[in-house]
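# Working through the structure, step by step
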Amino acid sequence: MKYLEEFRNPELARGLLEDIRATVTRPWALMEVCGGQTHTIIRHGIDQLLPDEVELIHGPGCPVCVTPLEVIDKALEIASRPDVVFCSFGDMLRVPGTDRDLFRVRGEGGDVRVVYSPLDALRIARENPRKQVVFFGIGFETTAPPNAMAVHQARKHGIGNFSMLVSHVRVPPAIEAIMQSPDCRVQGFLAAGHVCSVMGTGEYPALAERYRVPLVVTGFEPLDILEGVRRAVRQLERGEHTVENAYRRAVRDEGNPAARAMLEDVFEVADRAWRGIGVIPQSGWRLSERYRDHDAEYRFDVAGINTREPSQCRSGEVLQGLIKPNQCEAFGTTCTPRTPFGATMVSNEGACAAYYLYRRLGVPAVPREASPVG
């Protein structure tokens, strides 16, 4: 890849759209499980350009959005302590907990710092040996390797005042949970290219075969999305259900062996709660036993946190693809980026944030009693 413009070429986009229109003969519903892809789709109006037969459903592809409220409240509790420097990526600071967010904690005197890498937090720990430095480690398989490296380096160099609050989740178990839902309408998936660049495609063929759905590894630019849709629709029309790699400029079938080795060393697979969805078995990581001394949950003993989700928030339904953001009664009125009810409205990869930013405000709300989950 030399230039982004190469993957935003309008003439090539028109050609892909014409190919999709010529191929599709019946309605199909595809899900992207990546917030970056969701924002590309909404920003460029790809869902509106596709033929009416092709529906794009936004899945739980935003790691900030699926971080459970209990973990957010644990972060707030830890960050409030006077001996703690709490480090996080910037998109976590506005995510609402039960009664406040990290911005509020910082305004109340907590030492909350925005960093651009977990290694920045490790450096802060070296420079402040009398403070406990905690990094908020969230994300899918994409951000897990550098977070694992930070913990590995802390243990290797004896940086005992560094710990991590971990909320890492894995995409394949989420796809399986979506397909097992009685309300599922998904007939094919656009798999996130950055996840596959780390983990490869090895976990996907079994899912494609078990649930008879095509899985197309897709990039993040408009032409990437359209090519992913084209391949998925072509498979569906032919009655096929295989894994295709449409993002070969970045993804190898085996993924990144060095990154995977680091993950296997530092983390172990565990059940994990997803905000708005619930516990998905084997869908996350936690620090393995040999790195447990760097686990902030153990270090600060933050068990027994009482959480309370706002009753007006329907982000769980948005994350499951059961409703579009602008079908929520609160969207754009009582729930805005300044007054968010859920993380989907404030995260840089949240579906609600995409709909608000790109002014998708015009669809009438669906009454709660008429929604797919009742």
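The structure contained in this document is the topic of the report that follows. (Residues numbered from 1 in each chain as written. Predicted model: local features only at pLDDT ≥ 70, side-chain atom pairs only at ≥ 80, totals over all residues. Heavy atoms only, no water.)

## Here we look at the overall build of the protein
What counts here: Labels follow the DSSP assignment, with helices taken as runs of H or I lasting at least four residues and strands as runs of E lasting at least two, numbered in each case from the N terminus. Note on classification: 1.4 Å probe, protein chains only; a residue is buried when its accessible area is under 20% of the maximum for its type, exposed when over 50%, partly exposed between these limits. What makes two residues a contact is simply this: any of their non-hydrogen atoms within 4.5 Å. Surface accessibility follows the Shrake-Rupley procedure with a 1.4 Å probe radius. Residue values consider only the protein chains on display as shielding.
The helix and strand inventory of the protein stands at 16 helices and 11 strands. With respect to the principal axes defined by its C-alpha atoms, the protein has extents near 65 × 45 × 40 Å. Counting all 374 residues of the protein, 56% fall into the buried class. Put simply, 77% of the contacts in the protein that link residues at least 6 apart link residues at least 24 apart. Surface accessibility of the protein: about 16,200 Å² in total, with carbon and sulfur atoms responsible for 48%.

## Some words on empty space enclosed by the protein
Put simply, the rule reads: Throughout, the protein atoms alone are placed on a 1 Å grid, and a set of points is a cavity if a 1.4 Å probe fits but cannot get out or a pocket if it is open with protein on both sides within 12 Å along at least five of seven lines; lining residues have an atom within 4 Å of a point. Grid points are joined across faces, edges and corners, and a volume is the space filled by probe spheres set on the points. Following the grouping adopted for this structure description, the nonpolar residues are Ala, Val, Leu, Ile, Met, Phe, Trp, Tyr, Cys and Pro, the charged ones are Asp, Glu, Lys and Arg, and the polar ones are all others, Gly among them.
Tallying each qualifying case throughout the model produces 3 cavities of 30 Å³ or more. A volume near 90 Å³ is recorded for the largest cavity. Along the wall of the largest cavity there are 15 residues; nearest its centre are C313, R314, C328, C335 and C352. Split by residue class, the lining of the largest cavity holds 10 nonpolar, 4 polar and 1 charged. Lining the second largest cavity are 14 residues, and of these G59, G61, C62, E349 and A351 sit closest to its centre. Of all the secondary structure elements, the ones that give two or more residues to the lining of the second largest cavity are α2 (35-43) and α15 (315-319).

## Points about the layout of surface pockets
Empty space among the atoms becomes visible once a probe the size of a water molecule is rolled across them. Here the largest pocket defines a volume of roughly 350 Å³. Taken together, 16 residues form the lining of the largest pocket, with V166, D271, R272, R286 and E297 sitting closest to its centre. When contributions to the lining of the largest pocket are tallied by element, the ones reaching two or more residues are α5 (69-79), β10 (267-274), β11 (278-287) and α14 (296-300). Taken together, the residues of the lining of the largest pocket sort by class into 8 nonpolar, no polar and 8 charged.

## Description of the sheet that holds strand β1 (residues 28-32)
Note the following rule: Strands are treated as partners if at least two bridges between them are detected by DSSP. Axis definition: a line fitted to C-alpha atoms, over the contacting stretch in the case of helices. Angles run 0 to 180 degrees between N-to-C directions.
On the basis of which strands lie adjacent, the open sheet formed by 5 strands has the order β2-β1-β7-β8-β9 and parallel pairing. The open sheet has two edge strands with one neighbour each: β2 (54-58) and β9 (243-245). Between one strand axis and the next, the sheet turns through 25 degrees on average, direction left out of account. One ladder, built from 3 bridges, connects strand β8 (residues 215-218) with β9; its direction is parallel. Looking at β9, one finds that L215 is bridged to V243.

## Some words on the pattern of salt bridges
Under the convention used in this document: Only one rule defines a salt bridge in this text: a Lys or Arg side-chain nitrogen within 4 Å of an Asp or Glu carboxyl oxygen.
On inspection of all chains with the given rule, the structure shows 28 salt bridges. Close ionic contact of K74 with E70 constitutes a salt bridge, the shortest N to O distance being 3.7 Å. Here E70 and K74 lie together in helix α5, a separation of 4 residues that amounts to about one turn. Overall, K74 belongs to the buried group, its relative accessible area being 9%. Residues E254 and R252 are paired through a salt bridge, measuring 3.7 Å at the closest nitrogen-oxygen approach. For E254, a relative accessible area of 40% puts it in the partly exposed group.

## A few points about the packing of helix α8 (residues 144-156) against helix α13 (residues 257-266)
What counts here: Orientation labels follow simple angle bins: below 35 degrees gives roughly parallel, above 145 gives roughly antiparallel, 65 to 115 gives roughly perpendicular, and whatever is left gives oblique. Should the near helix be turned anticlockwise from the far one by less than a right angle, the crossing is termed left-handed; should it be turned clockwise, right-handed.
Closest axis-to-axis distance for the α8/α13 pair is 9 Å, and the angle between their directions is 55 degrees. In terms of axis orientation, α8 runs oblique to α13. Of the two elements, α8 crosses α13, and the hand of that crossing is left-handed. Counted together, A144, P145, A148, M149, V151 and H152 of α8 and A259, M262, L263, D265 and V266 of α13 form the full contact between these two elements. Considered class by class, the residues forming the contact of α8 with α13 number 9 nonpolar, 1 polar and 1 charged.

## Here we look at the side chain of E237
To keep it simple, the criterion reads: For the purpose of counting charges, residues Lys and Arg are taken to be positive, whereas Asp and Glu are taken to be negative. His and the chain ends are not included.
Examined against the element boundaries, E237 turns out to sit in helix α12 (residues 222-238). For the buried E237, which has no salt bridge, the nearest side chain bearing the opposite charge is R26, at an N-O separation of 4.2 Å. Those residues in contact with E237, other than ones at most four positions away along the chain, are T23, V24, T25, R26 and W28.

## With respect to the packing of aromatic side chains
Stated precisely, the cut-off is as follows: Side-chain rings of Phe, Tyr and Trp (the six-membered ring for Trp) are treated as a pair once their centres are within 6.5 Å; stacked means planes under 30 degrees apart, edge-to-face means over 60, and tilted covers the remaining angles. Lysine and arginine charges are scored as sitting over a ring when NZ or CZ, respectively, is within 6 Å of the ring centre and within 35 degrees of the ring normal.
Under the defined criterion, the tally for this structure stands at 6 aromatic pairs. Ring centres of F220 and Y247 lie 5.7 Å apart, and the angle between their planes is 85 degrees; this geometry places the pair in the edge-to-face category. Of the two residues, F220 is situated in the loop between β8 and α12 and Y247 in the loop between β9 and α13; the sequence distance between them amounts to 27 residues. Y247 carries the same exposure label as F220, and that label is buried. A centroid spacing of 6.4 Å and a plane angle of 80 degrees characterise the contact between F331 and Y356, whose relative ring orientation is edge-to-face. Taken as a pair, F331 in the loop between α15 and α16 (351-357) and Y356 in helix α16 lie far apart in primary sequence, 25 residues in all. The side chain of R359 reaches across the aromatic face of Y356, ending 5.1 Å from its centre.

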